[in-house]
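# Chains, contacts and geometry: an overview
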Amino acid sequence: MKTDIQREITDQIVAMLESGDSNWINPLTLLGGSPENAATGKKYRGMNSFFLALLGKQYCATYKQWQSIGAQVIKGSKGVRIAVPMPLKDKETGEQTGLIFTSATVFSSDQVEGWEAPAVPDMVDETETIETVAQFVANTKATIVTNSTRPPCYIPSIDTVSMPTREQFSATDTSTATECFYSTLLHELTHWTGHQSRNDRLKGSRFGSSEYAYEELIAEIGSAMLCVSLGVSPQARPDHAKYIGGWLKALKSDKKFIFKAASDAQKALDHLESLQSESIKAAA
């Protein structure tokens, strides 16, 4: 991909970030609404809601909360730490004077036994197949599996991309269902380039850490670049910028990381494009 296209897309993303709209909408219909606590029925708020939505987790609860409703966390499951606000009160008046934050570990419904989520309506595939993108992905020979109960993710330990079904993607205010599906797939494919056998970029960072956030910037910028170069979208979409904006908060909103991540994203794309040449040679 030409450097000027890379710079143009990066500048578009920065301009959208500076517009101040960071209300990212998860395009997966498996999230019927904001993530909520399975035991209390209350919606998670703020960054807790954002991070759980990024992970594709609709229903969560702590270990004890799951037990309180007759469910059991599966042995070996790893939870996600969230922030829990605790009121500070004046010892004499009892009035609230502020908040302090502690943490809690929550597990999602796909990590428990003995509980069923509320029924969801039948879903219709709103996406369209773009043959050029499908061929581009196929040429990489990446292992991609479909799993309707797992959020989209790249699993380094088994070098596999996991994707929800196409029916689980819906349109947002700024993107079609097709754009949402392919941008998600290309996001995970960019993560795939970070494997030690390829660009050797992944270091097993903890979710929510600065290293994890930085890798998310790389993957989403890579997705934006690929969507434009492969004809999924005519230009970088607000959905890309909103997603990036959320992770940028974990990096103290320092936009220098955008340009650094764009450079690493370009290296990822260079690797993916090199695989296209190899596929053409093999077919000749």
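Anything mentioned here points back to the structure above.
Residues numbered from 1 in each chain as written. Predicted model: local features only at pLDDT ≥ 70, side-chain atom pairs only at ≥ 80, totals over all residues. Heavy atoms only, no water.

## Topic: the packing of helix 6 (residues 210–229) against helix 7 (residues 238–248)
Applied cut-off: Fitted lines through C-alpha atoms give the axes, limited to the stretch in contact for helices. The angle between two N-to-C directions lies from 0 to 180 degrees. In this description a helix means any DSSP run of H or I spanning at least four residues, a strand means any run of E spanning at least two, and both kinds are numbered starting from the N terminus. Oblique is the label for any angle not under 35 degrees, not over 145, and not in the 65 to 115 range, which are roughly parallel, roughly antiparallel and roughly perpendicular in turn. We call two residues in contact whenever any of their non-hydrogen atoms come within 4.5 Å of each other. Any residue that is not Ala, Val, Leu, Ile, Met, Phe, Trp, Tyr, Cys, Pro, Asp, Glu, Lys or Arg is counted as polar, Gly included; the first ten are nonpolar and the last four charged.
Relative to each other, helix 6 and helix 7 sit at 170°, their axes nearing to 9 Å. Taken together, the axis directions place helix 6 and helix 7 in an arrangement best described as roughly antiparallel. Here Tyr212, Ala213, Glu216, Leu217, Glu220, Ile221, Ser223, Ala224 and Cys227 of helix 6 come into contact with helix 7, specifically with Asp239, His240, Tyr243, Ile244, Trp247 and Leu248. Class assignment for the residues of the contact of helix 6 with helix 7 results in 10 nonpolar, two polar and three charged.

## Brief notes about the pattern of salt bridges
Between side chains of opposite charge, a pair can form as their charged atoms come close. The cut-off we apply is this: We define a salt bridge as a side-chain nitrogen of Lys or Arg found within 4 Å of a carboxyl oxygen belonging to Asp or Glu. Relative accessible area decides the class of each residue, using a 1.4 Å probe on protein chains only: under 20% of the type maximum gives buried, over 50% gives exposed, and in between gives partly exposed.
Applying the stated criterion across every chain yields a total of six salt bridges. Residues Lys43 and Glu36 are paired through a salt bridge, measuring 3.2 Å at the closest nitrogen-oxygen approach. Measuring nitrogen to oxygen at the nearest pair gives 2.4 Å for the salt bridge that ties Asp159 to Arg198. Here Asp159, found in the loop between strand 8 (153–155) and strand 9 (160–163), pairs with Arg198, found in the loop between helix 5 (177–192) and helix 6; they are 39 residues apart in sequence, far enough to count as distant. We classify Asp159 as partly exposed; its relative accessible area is 21%.

## Comments concerning the sheet that holds strand 8
How we decide: At least two bridges found by DSSP between two strands is the condition for calling them paired.
If you trace the three strands from one edge of the open sheet to the other, you get 7-9-8, paired in mixed fashion. The strands lining the two open edges of the sheet, one partner per strand, are strand 7 (143–146) and strand 8. In this sheet, neighbouring strand axes are inclined to one another by 25° on average, regardless of whether the strands run parallel or antiparallel. As defined by bridge partners, strand 8 adjoins strand 9 across three bridges and the pair is classed as antiparallel. The partner of Cys153 across the bridge, within strand 9, is Ser162.

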